[in-house]
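As a plain string of letters, each chain reads:
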Amino acid sequence: MARLPFHEFDQAYIDRLVAADPETERHFTRYFGDLMTFKLRSRLRSPALVEDAKQETFVRVLTSLKQKRNLASAQTLGAFVNAVCNNVVFELYRSGARTTPLPDEYDTVDPRKPGADAAMVAGEERALVTSALEGLPQKDRELLHWLFFEERDKDDICRELKIDRGYLRVLLHRAKARFRERFAEQGTP
Amino acid sequence: MDHRHAVETLAMERYLLDEMTGQERDAFEEHFFSCAECAEDARAAGALRDAVAAGTGAPVARRSGASVVSMPVRSRRLATVVLPWAVAASLAVVAGYQALVVQPALRRSGGPLVLSPVTLRPSSRGTEPVVFASAGGVITLAVDLGGAAADGEIEYDIHHAGGASIASDRARVSNDGAPLLLLLPASLFKPGERYVLALKDPRNARLTLADYRFTVGVR
């Protein structure tokens, strides 16, 4: 989640995307890939399915842009990607309901390996995320651990901390803000 | 949904806590795909959630550093004989407990989890064991108390051989020879390093009842 170079989603960006400019393609897939991962993680069961949905979305968006050359408004690129992604997920749900279940080993490990560059960037980023997390106050780490690792019942957490759900949101907001601060500090040379 | 509304209603936090209706969720997703600021927040939140779910940054807390499963054993006299069987039998309990209760994150793997517990015996007995993380990212220790239990309750502390503590807590144990089973997130340990599990008398923290040394293996 390292901050990506800023790109305005304007007609020039779409023109570069249609012309298969490598840097723009990298930005596009990274930026929207992260957003789709975030969105799909709670909707699809396995990382392999998430990856399939992302790739299918990219293919459809790029194909559509190449055919039409533009959108009604370049600023709507994000909404367009999101809408295509929703369609892909919907189709996955429907096809999943009609077909026989996949074998158990189908989605255990995604065999697609990232390239060396991508793997290196991902490794560096993972180290920064780890370091930022480990630098958080103990209470933040404990709360995050309960929520996302143990997946504890939120009401149970509220009872233990003697807070209400509204304040739980505030605590999460603060923990997330501190994480972003620490991540940004480390990413700054 | 516009940016101001998203910020004022802590939309990202409600999204993370799964507190939104389907309609709200769709509207918020459409928003953060179009809003640069919320997209950055979403990318950070996603990285944070995924890293924590993978066991990164686990707190060094008393109650969450490890999970204890106590195993009743009928007879103290049989304890040393039946210990390996007690450990083996307890595995089923541990696996079920871990899959359903302790490690809900592991449920996402969608299948049974095979654990590789290692029995730890006091330092003076035998060679130092090497412990490996299971596929689910946990380390399972079966601690042979060998009569070290103090009045049904002990305090344990796991620390680097160098001294820094990584997890500690109190646990109720029975005096009938059952092992103390600990499930620990593998992220607490660094592969290739040596650790010590110290059992202490809770009434006298300076009194160490037994030391267990082990090394975390590198796969």
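1. Points about the overall build of chain B
Piece 1. Counting its regular elements, chain B contains 5 helices and 9 strands.
Piece 2. Listing the helices and strands of chain B from first to last along the sequence gives α-α-α-α-β-α-β-β-β-β-β-β-β-β.
Piece 3. Taking all 219 residues of chain B together, 53% fall into the buried category.
Piece 4. In chain B, once contacts between residues fewer than 6 apart in sequence are set aside, the share between residues at least 24 apart is 62%.
Piece 5. Within the structure as shown, chain B displays about 10200 Å² of accessible surface, and the carbon and sulfur contribution to it stands at 53%.

2. Observations concerning the interface of chain B and chain A
Piece 1. Counting residues at the interface gives 47 residues for chain B, matched by 46 residues for chain A.
Piece 2. Surface buried jointly by chain B and chain A totals about 4600 Å² across both partners, of which 61% is contributed by carbon and sulfur atoms.
Piece 3. Looking at the side of chain B facing chain A, the largest losses of area belong to Leu17, Phe33 and Arg43 of chain B, adding up to 19% of the total buried there.
Piece 4. Seen at the junction of chain B and chain A, the total is 10 salt bridges.
Piece 5. Linking glutamate 13 of chain B and lysine 176 of chain A is a salt bridge whose minimum nitrogen-to-oxygen distance equals 3.1 Å.
Piece 6. At the boundary of chain B and chain A, one finds 13 residue pairs in polar contact (both at pLDDT 80 or more).
Piece 7. If you list the elements that add at least two residues to the side of chain B that touches chain A, you get helix 2 (11-16), helix 3 (22-34) and helix 4 (36-53) of chain B.

3. A few points about the pattern of salt bridges
Between side chains of opposite charge, a pair can form when the charged atoms approach closely.
Piece 1. Within this structure, the stated rule accounts for 24 salt bridges over all chains.
Piece 2. The salt bridge involving lysine 39 of chain A is made with glutamate 29 of chain B; its shortest N-O contact spans 2.8 Å. Taken together, the residues lysine 39 of chain A in helix 2 (residues 22-40) and glutamate 29 of chain B in helix 3 connect one chain to another. In terms of burial, lysine 39 of chain A and glutamate 29 of chain B fall into one category: buried.
Piece 3. When the shortest N-O distance is used, the salt bridge between aspartate 41 of chain B and lysine 176 of chain A registers 2.9 Å. With aspartate 41 of chain B in helix 4 and lysine 176 of chain A in helix 8 (residues 165-187), this residue pair bridges two chains.
Piece 4. Among the ionic contacts, a cluster of salt bridges with common partners joins Lys39 and Arg43 of chain A together with Asp26 and Glu29 of chain B.

4. Looking at the packing of helix 1 (residues 11-18) of chain A against helix 3 (residues 47-68) of chain A
Axis angle and axis distance: for two packed helices, these are the angle between their axes and the distance between the axes, and together they describe the pair.
Residues and elements named next belong to chain A.
Piece 1. Running from amino to carboxyl end, helix 1 crosses helix 3 at an angle of 105°, the nearest separation of the two axes being 9 Å. Classified by the angle between their axes, helix 1 and helix 3 sit roughly perpendicular to one another. Of helix 3, the residues touching helix 1 (which contributes Ile14, Leu17 and Val18) are Leu62, Leu65 and Lys66.
Piece 2. When the residues that make up the contact of helix 1 with helix 3 are grouped by side-chain class, the tally is 5 nonpolar, no polar and 1 charged.

5. Considering the pairing of strand 5 (residues 153-160) of chain B
Regular strands place side chains that alternate from one sheet face to the opposite one.
Residue and element names in this part refer to chain B.
Piece 1. In terms of burial, strand 5 is a largely internal element, 7 of the 8 residues being buried.
Piece 2. Bridge count for strand 5 against strand 6 (residues 165-172) is 7 bridges, and the pairing is antiparallel. Residue pairing in the sheet places isoleucine 154 in a bridge with alanine 171 of strand 6.
Piece 3. What sits between the antiparallel neighbours strand 5 and strand 6 is a turn of 4 residues, in which glycine 163 has the positive phi angle 130°.

Procedures and definitions
- Along each chain, the written sequence defines residue order, and numbers are assigned to residues from 1.
- Throughout, the order in which chains and ligands are written sets their labels, letters from A for the former and numbers from 1 for the latter.
- Per-residue local features are limited, in this predicted model, to residues with pLDDT of at least 70; the limit for side-chain atom pairs, both in listing and counting, is 80 or more; totals at the level of whole chains, interfaces and linings are taken over all residues.
- Values shown for side chains rest on all heavy atoms present in the structure; no hydrogens or waters enter the calculation.
- Counting from the N terminus, the helices are the DSSP runs of H or I reaching at least four residues and the strands are the DSSP runs of E reaching at least two.
- Under the scheme applied here, a residue whose accessible area is under 20% of the maximum for its type counts as buried, over 50% as exposed, and between as partly exposed, the area being computed with a 1.4 Å probe on protein chains only.
- Between two residues, a contact is recorded if the distance between any of their heavy atoms is within 4.5 Å.
- Using the Shrake-Rupley algorithm and a 1.4 Å probe, accessible areas are obtained, with residue cover drawn only from the displayed protein chains.
- Buried area adds together the accessible area that both of two parts lose upon being put together, with accessible area traced by a 1.4 Å probe.
- Any Lys or Arg side-chain nitrogen located within 4 Å of an Asp or Glu carboxyl oxygen qualifies as a salt bridge.
- Any N or O atom pair separated by 3.5 Å or less is treated as a polar contact, with the protein-specific requirement of one donor-capable and one acceptor-capable atom, and with residues adjacent in sequence counted only for side-chain atom pairs.
- Angles shown run from 0 to 180 degrees and are taken between the N-to-C directions of axes, each axis being a line fitted to C-alpha atoms and, for helices, limited to the stretch in contact.
- When an angle is under 35 degrees it counts as roughly parallel; over 145 it counts as roughly antiparallel; between 65 and 115 it counts as roughly perpendicular; any other value is oblique.
- Residues are grouped as follows: Ala, Val, Leu, Ile, Met, Phe, Trp, Tyr, Cys and Pro are nonpolar; Asp, Glu, Lys and Arg are charged; every other residue, Gly included, is polar.
- Only strands joined by at least two bridges in the DSSP assignment are considered to pair.

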